Amino acid sequence: MSKFLLHINGKSYPIEAQDDESLLSVLRNHLSLTGTKYGCGEGQCGACTVLMDGAATRSCQIPAAAAADAKIMTIEGLEQSGRLTPVQEAFLQEGAFQCGYCTSGMIMAASALLHDNHAPTDEQIVTAMNGNVCRCGTYPRILAAIRRASSASAGGAR
Ligand code: FES
Ligand code: FES
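Note that the structure is a prediction, hence the values are computed from the model and not measured.

Undergrad: Describe the environment of leucine 143, listing the residues and the values that go with them.
TA: Here leucine 143 lies in helix H5 (residues 139–153). Setting aside its immediate chain neighbours within four residues, leucine 143 contacts Asp122 and Ile125.

Undergrad: Outline helix H3 (residues 103–116), listing residues and values.
TA: Residues three or four positions apart in an α-helix share a direction because the helix packs 3.6 residues into each turn. Between its first and last C-alpha, H3 extends 20 Å over 14 residues, near the 20 Å set by a 1.5 Å rise per residue. Of all 14 residues that make up H3, 12 are buried, and the element is covered over most of its length. The set of residues buried in H3 consists of Thr103, Ser104, Gly105, Met106, Ile107, Met108, Ala109, Ala110, Ser111, Ala112, Leu113 and Leu114.

Undergrad: Could you give an account of the packing of aromatic side chains, naming the residues involved and the relevant values?
TA: Tallying each qualifying case throughout the model produces zero aromatic pairs. Across from the ring centre of tyrosine 101, 5.1 Å away, lies the NZ or CZ of arginine 135, which sits over that ring.

Undergrad: Go over unusual backbone geometry, please, and point to the residues and values.
TA: The backbone of asparagine 9 sits at a positive phi, close to 50°, despite the residue not being glycine. Relative to the helices and strands, asparagine 9 is located in the loop between strand S1 (2–8) and strand S2 (11–17).

Undergrad: How would you sum up the domain arrangement of the protein chain? Please name residues and give values.
TA: Each assigned domain of the protein chain is listed with its residue range as follows: domain 1 (2–76) and domain 2 (86–153). On a C-alpha basis, the centroid separation for the pair domain 1 and domain 2 is 21 Å. On the domain 2 side, the residues contacting the 18 residues of domain 1 number 11 residues. In total, about 1100 Å² of surface goes out of reach between domain 1 and domain 2, with carbon and sulfur atoms giving 59% of it. When the area that domain 1 buries against domain 2 is broken down by residue, the three leading residues are Lys37, Thr49 and Ile75, summing to 39%. For the pair domain 1 and domain 2, the interface holds zero salt bridges. Counting the contacts that link domain 1 with domain 2 gives five residue pairs in polar contact (both at pLDDT 80 or more). At three residues, strand S3 (residues 49–52) tops the list of elements feeding residues into the side of domain 1 that touches domain 2. Of the residues assigned to the side of domain 1 that touches domain 2, the class counts are eight nonpolar, eight polar and two charged.

Conventions and cut-offs
- Residues numbered from 1 in each chain as written.
- Chains lettered and ligands numbered in written order.
- Predicted model: local features only at pLDDT ≥ 70, side-chain atom pairs only at ≥ 80, totals over all residues.
- Heavy atoms only, no water.
- Helix = DSSP H or I, 4+ residues; strand = E, 2+ residues; numbered from the N terminus.
- Contact = heavy atoms within 4.5 Å.
- Expected span 1.5 Å × (residues − 1).
- Buried < 20%, exposed > 50% of the residue type's maximum accessible area, 1.4 Å probe, protein only.
- Phe/Tyr/Trp six-rings, centres within 6.5 Å; stacked < 30°, edge-to-face > 60°.
- Lys NZ or Arg CZ within 6 Å of the ring centre and 35° of its normal.
- Domains from an automatic or database assignment.
- Buried area = accessible area lost by both parts, 1.4 Å probe.
- Salt bridge = Lys/Arg side-chain N within 4 Å of Asp/Glu carboxyl O.
- Polar contact = N/O pair within 3.5 Å; in protein donor to acceptor, adjacent residues only side chain to side chain.
- Nonpolar A, V, L, I, M, F, W, Y, C, P; charged D, E, K, R; others polar.

Shown next as structure tokens:
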């Protein structure tokens, strides 16, 4: 058992967790931040993607204790005072989801991409999003949403 602080969406949380308990498990089961989804649990689907110090990170693959010094952002932390980010708005406007299970991971991955590259080409978008799986096959709309967010935000994606 380890005791540590996690810094999530601008707040600090004291955590007591098993040494090998994943960040995903702590987010969902200790803190009720259930916007981050459990998909494969093996680093293969991207449903659990969060930002760690700005980088898209699979929270199922990180022991929570290893994230103690990082700034973590989850889907719950994007909206500010009722305002969605350009990426969130673009996903809504393009209807870039069906069941929605992959959506928070997609949005977090897209947010990291647009922070690092304000005007990605389609090829760069596809490469960056390649590890995020949508079993509903909404890839064309996800691509359209990221294009839309890119031109709408000019870099203010998160
Ligand atoms: S649940 Fe983490 S990559 Fe699939
Ligand atoms: S919208 Fe259903 S998995 Fe992507």
